[in-house]
Amino acid sequence: MTLDEAIAEIQRRIAAASPTAVTRVTRVSAEEASIRAYAPAADEQAIKNATNEFTISLLTNEGLDVQVLVYDITTSLPPEE
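I will try to describe carefully the structure that is included in this document. (Residues numbered from 1 in each chain as written. Predicted model: local features only at pLDDT ≥ 70, side-chain atom pairs only at ≥ 80, totals over all residues. Heavy atoms only, no water.)

Our next topic: the environment of methionine 1. With respect to the helices and strands, the residue methionine 1 is situated in the segment before α1 (3-17). We classify methionine 1 as partly exposed; its relative accessible area is 45%. A C-alpha to C-alpha distance of 9.8 Å links methionine 1 and asparagine 61, two positions 60 residues apart in sequence. (Helix = DSSP H or I, 4+ residues; strand = E, 2+ residues; numbered from the N terminus. Buried < 20%, exposed > 50% of the residue type's maximum accessible area, 1.4 Å probe, protein only.)

In structure tokens form, the structure reads like this:
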């Protein structure tokens, strides 16, 4: 799996867990990225549940380090793309 494919899958999982979430991606290298999800506080655990095992699997099986950070959209507005 490529980093772009992993990012797309994680974004799909975030959208399924929280349809109103806004995501921002920062690529650090060809194998590392961070995804910031800005969502209602009530959706935080659902996003973590939807992405945690997958990101661990990416790290251990694919060598891809993709971190998912969740922020409350009411207190932390997403930066412009």
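Take the packing of α1 against helix α2 (residues 44-62) next. Packed helices, taken two at a time, are described by their axes: the angle between them and the distance between them. Two elements in contact, α1 and α2, have axes whose closest approach is 8 Å; the angle formed by their N-to-C orientations is 160 degrees. One finds that α1 runs roughly antiparallel with respect to α2. With respect to the hand of their crossing, α1 and α2 are arranged in right-handed fashion. Where α1 approaches α2, its residues Ala6, Glu9, Ile10, Arg13, Ile14 and Ala17 are matched on the opposing element by Ala46, Ile47, Ala50, Thr51, Phe54, Thr55 and Leu58. Residues belonging to the contact of α1 with α2 are distributed by class as follows: nine nonpolar, two polar and two charged. (Axes fitted to C-alpha atoms, helices over the stretch in contact; angles between N-to-C directions. Parallel < 35°, antiparallel > 145°, perpendicular 65-115°, else oblique. Left-handed = near helix turned anticlockwise from the far one by under 90°. Contact = heavy atoms within 4.5 Å. Nonpolar A, V, L, I, M, F, W, Y, C, P; charged D, E, K, R; others polar.)

On to the sheet that holds strand β2 (residues 32-39), then. One open sheet holds the three strands; their spatial order is β1-β2-β3, and the pairing between them is mixed. Edge positions in the sheet fall to β1 (22-27) and β3 (65-72), since each has one partner strand and no second. Looking at each pair of strands side by side, their axes are set apart by 20 degrees on average, direction ignored. With six bridges connecting them, β1 and β2 associate as antiparallel partners. Each bridged residue has a counterpart across the sheet, and for threonine 26 the counterpart in β2 is serine 34. (Pairing = 2+ DSSP bridges.)

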